[in-house]
Amino acid sequence: MGIIDLRSDTVTQPTPDMLSAMMYAKVGDDVFGEDPTINELEAMCASMFGMEAGLFCPSGTMTNQIAIKVHTQPGDEVICDRVSHIYQYEGGGIAFNSGCSVSLLQGDRGRLKAHHVKEAINADDIHKPSSKLVSLENTSNRGGGSCYDFEDIIQIKEVCLQNNMALHLDGARILNAIVAKNENPKQYGEVFDSISICLSKGLGTPVGSVLIGTIPFIKKAKRVRKVFGGGMRQAGYLAAAGIYALENNVERLSIDHKHAQTISKTLALKEFVGEILPVETNIIIAEIKGKFTPTTFQQAMREEGIALMLMSPTQIRMVLHLGIDEQMVDKIIKLINSL
Ligand SMILES: Cc1ncc(COP(=O)(O)O)c(C=O)c1O
């Protein structure tokens, strides 16, 4: 057994079957709209969520940033939770790419409620940036893989409609949420104006995200993708991995969720583990205290071949994914128990 890598679900290696699907993909120049495999993936994502059209992009950062750019004008304001990926981990892209300010709200493990959003909307006043876009993240990465209650999303949508604001979903791990909550993707398509879906996280592809929305939205998004340098050519080889993942790797996400539960229950029994954020999907965020600091715990695990990530000065993160099987989970549990 090599290194058991729990740092992120982005570390997955393509499986032989995925590689074979990629190898035999039919491709063309996607900037001309001529890559049949990309066209198929985009249509597949759009129809899965009941939306009109899709756009294949290199990364989730790009799909989010394109969406923000299309929904706003410079001087507008984007409303999101303070731990949102779009704010914390996209290099200041909201300011850099779209010239927008951000209203950062304190939600619960990355999740907002309608009243938070309502209170953050600026009055129609020339002194204020115009509140134009609300962006939600489901699951929330920094929230420890927390999932929204769909009712909360519906109430946020109501506030958006009343205030002429668009609603975007950073759905980097939306299929984890859908599987965990036994939801239908079409619920999301009905409520959001745009959705970013990542294929390179729990779904296990080497690269790629798809942005979905209405036909006019995707038309504008395609122009912005070109400006951002994201127009790819025979990238159908990559899209084929996405099609394979959507056909084969969605239902199995529940295995990752089960593994995360098992490991977090083991952690909970150790006196050097403090608060563990409720484990709802494939992410565990745990406080480390007492005889270990997060760094010394990370080192102790690493010496035995298990890699994890430091999340804050007091917390570590472990993420389950398709590269982690039952045998590896057993090894992780044995090691935690021995510390
Ligand atoms: C919630 C969330 N959104 C967006 C992204 C960005 O994806 P990418 O790394 O493909 O740019 C990530 C990456 O981990 C993420 O966790």
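Here the structure is a predicted model, which is why all the values come from computation and not from measurement.

Turning our attention to the pairing of strand S7 (residues 194–198). In terms of burial, S7 is largely enclosed, as 5 of its 5 residues are buried. What you see with S7 is no split at all: Ser194, Ser196 and Cys198 on one side and Ile195 and Ile197 on the other are buried throughout. Two elements, strand S6 (residues 166–171) and S7, share 4 bridges in a ladder whose sense is parallel. Across the sheet, the residue bridging to His168 is Ser194, located in S7. In this structure, S7 lies alongside strand S8 (residues 209–213), joined through 5 bridges in antiparallel fashion.

Attention now moves to the environment of Ile195. Its location among the elements puts Ile195 in strand S7. Its relative accessible area of 0% is what places Ile195 among the buried residues. If near-sequence neighbours (up to four positions away) are discounted, Ile195 is found in contact with Phe49, Met51, His168, Leu169, Tyr188, Gly189, Val210, Leu211 and Ile212.

All residues in the neighbourhood of the ligand are listed as Ser59, Gly60, Thr61, Asn64, His85, Glu90, Glu137, Asn141, Asp170, Ala172, Arg173 and Lys201. Measuring from an oxygen atom of the ligand, one finds a backbone N or O atom of Gly60 at 2.8 Å. Asn141 places a polar side-chain atom, nitrogen or oxygen, 3.0 Å from an oxygen atom of the ligand. Computed on the free molecule, the ligand has an accessible area of 390 Å², of which 84% lies beneath the protein chains in the complex. In terms of residues, the shell around the ligand owes the most to one element, helix H3 (residues 60–71), which gives 3 residues. Residue composition of the shell around the ligand, grouped by class: 1 nonpolar, 6 polar and 5 charged.

Here we take up the sheet that holds strand S3 (residues 76–81). The 7 strands lie next to each other as S2-S8-S7-S6-S5-S3-S4, forming an open sheet whose pairing is mixed. On the outer flanks of this sheet lie strand S2 (53–57) and strand S4 (101–105), each paired with one strand and no other. This sheet shows a mean twist of 20° between the axes of neighbouring strands, independent of strand direction. Pairing of S3 with S4, which is carried by 5 bridges, proceeds in the parallel orientation. Considered in S4, the bridge of Ile79 is made with Ser103.

Note on sheets: strands pair through backbone hydrogen bonds, and any given pair is parallel or antiparallel. Sheet architecture is open: 4 strands sit in the order S9-S10-S13-S12, paired in antiparallel fashion. The sheet is open, and its two borders are formed by strand S9 (273–276) and strand S12 (309–312), each paired with just one other strand. Neighbour-to-neighbour, the strand axes of the sheet open up by a mean angle of 40°, direction not taken into account. Here strand S10 (residues 283–288) pairs with strand S13 (residues 315–319) via 5 bridges, running antiparallel. Opposite Ile283, over in S13, you have Val319 as the bridge partner.

What follows concerns the packing of helix H8 (residues 174–181) against helix H12 (residues 253–268). In the contact formed by H8 and H12, the axes pass within 9 Å of each other and the chain directions differ by 80°. One element, H8, and the other, H12, form an angle in the roughly perpendicular class. Of H12, the residues touching H8 (which contributes Leu175, Asn176, Val179 and Ala180) are Leu253, Ser254 and His257. Class assignment for the residues of the contact of H8 with H12 results in 4 nonpolar, 3 polar and no charged.

The amide bond that connects Asn138 to the next residue, Thr139, takes the cis arrangement and shows omega of -5°. By the secondary structure assignment, Thr139 is in the loop between strand S5 (130–137) and helix H7 (150–162). Unlike most non-glycine residues, Arg109 shows phi in positive territory, near 45°. Checked against the element boundaries, Arg109 lands in the loop between S4 and helix H6 (114–120). Look at Asn164: it is not a glycine, yet its phi comes out positive at around 55°. Tracing the backbone through its elements, the reader meets Asn164 in the loop between H7 and S6. According to the relative accessible area criterion, Asn164 is exposed, its value standing at 64%.

Parameters and conventions
Residues numbered from 1 in each chain as written. Predicted model: local features only at pLDDT ≥ 70, side-chain atom pairs only at ≥ 80, totals over all residues. Heavy atoms only, no water. Buried < 20%, exposed > 50% of the residue type's maximum accessible area, 1.4 Å probe, protein only. Helix = DSSP H or I, 4+ residues; strand = E, 2+ residues; numbered from the N terminus. Pairing = 2+ DSSP bridges. Contact = heavy atoms within 4.5 Å. Near = heavy atom within 4 Å. Polar contact = N/O pair within 3.5 Å; in protein donor to acceptor, adjacent residues only side chain to side chain. Areas by Shrake-Rupley, 256 points an atom, 1.4 Å probe, with all protein chains shown as cover. Nonpolar A, V, L, I, M, F, W, Y, C, P; charged D, E, K, R; others polar. Axes fitted to C-alpha atoms, helices over the stretch in contact; angles between N-to-C directions. Parallel < 35°, antiparallel > 145°, perpendicular 65-115°, else oblique.

Shape is all these values report; function is a separate question.
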